[in-house]
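# Descriptive analysis of the structure
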Amino acid sequence: MDIDDDDFFTNLDRPGRAANNNAFQERLRQAPRDDDAEIPDVPPFMLEEEGETPLQQLIRHWMNERHSPDILPNEGELLAGLLDHIRSQSETVQLLRTDPSSSEEEHFRIMLVQTEVERVKFIVRSYLRTRLFKIEKFARYIMTNSEVQQRLSESEVEHARRFARLTDQHFYHSVLQSLPDTQQTLDDQPPFVPSMVTEPDKARAVFVLARQDCPPVRLPDGTALDMRKGHISLTPYSVVEQLIARGEAELV
């Protein structure tokens, strides 16, 4: 059975997904026995892109989120569509498994579909856990920066607010209440002392892959970096932050 991303999520976001279960079952039963597709001799990122599937988009956002020092915009609509499709496919697989007319070969193909579904679930969980880790790490920074809050969903902002409040209360009852009044806050900014509010380190170096020919970017030393499609560079995140936001490059 062909379980490539392009095939598995072809019908995502099309109306009437529930009505397509019969078509999916028919494709599953009549799928070819072998996958003899030729493997290209060039790296995948050098091939011409024909448009990303929802799963490919999720993987790209997942990798960007994992490697970026800053928290990126929430991809709620993409996640909702994928989870809806996973739920539909899981229900279809369960129906096929209980079908007494299914052959041993068909059960094997069903197992492959289940494996693909579990792979997508793993990526979704990892993406959400990565965002949750950043939200808790930068909770106080998020609550003092309205621009960052716009990248988060309502539930994520509410979680950051509660987490920051609980952390402040814990620090106050554990330590701060015993200090002089002038030293009982967590947002002091004395000279020559690092900020007490943890912020993303945008000067951290990241590996970035150009998904297309990008305009030149200015490095910290003043030199210009010309990034062509397929080119991988090691640069500070702040240098390529806008390229990542526009989808012209991705982190690897």
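All of the points below concern the structure found in this document. From a predicted model like this one, the values you see are computed outputs, not experimental measurements.

If you walk through the whole model with that rule in mind, you get 19 salt bridges. Where R211 meets E52, a salt bridge forms, and the shortest distance between an N and an O atom there is 3.3 Å. On the criterion of sequence distance, the pair formed by R211 in the loop between β1 (205-210) and β2 (217-218) and E52 in the loop between α2 (21-29) and α3 (54-67) is long-range, its members being 159 residues apart. By relative accessible area, E52 is classed as partly exposed at 29%. Here E250 ties to R211 by a salt bridge, and the two come within 3.4 Å at their closest N and O atoms. Taken as a pair, E250 in strand β5 (residues 249-251) and R211 in the loop between β1 and β2 lie far apart in primary sequence, 39 residues in all. Here the two residues E250 and R211 agree in accessibility, since each one is buried. Because the salt bridges share partners, they merge into one network encompassing D70, E147, R151, K202 and E241.

Here we come to the packing of aromatic side chains. Given two aromatic rings, their pairing is described by the distance between the two centres and the angle made by the two planes. Counting across every chain of the model gives 1 aromatic pair. Arranged with centres 6.2 Å apart and planes meeting at 85°, the rings of W62 and F122 form a pair that is edge-to-face. Of the two residues, W62 sits in helix α3 while F122 sits in helix α5 (residues 104-137), which places them 60 residues apart along the sequence. By relative accessible area, W62 is classed as buried at 13%. Under the relative-accessibility criterion, F122 is labelled partly exposed at 47%.

What counts and what doesn't
Residues numbered from 1 in each chain as written. Predicted model: local features only at pLDDT ≥ 70, side-chain atom pairs only at ≥ 80, totals over all residues. Heavy atoms only, no water. Salt bridge = Lys/Arg side-chain N within 4 Å of Asp/Glu carboxyl O. Helix = DSSP H or I, 4+ residues; strand = E, 2+ residues; numbered from the N terminus. Buried < 20%, exposed > 50% of the residue type's maximum accessible area, 1.4 Å probe, protein only. Phe/Tyr/Trp six-rings, centres within 6.5 Å; stacked < 30°, edge-to-face > 60°.

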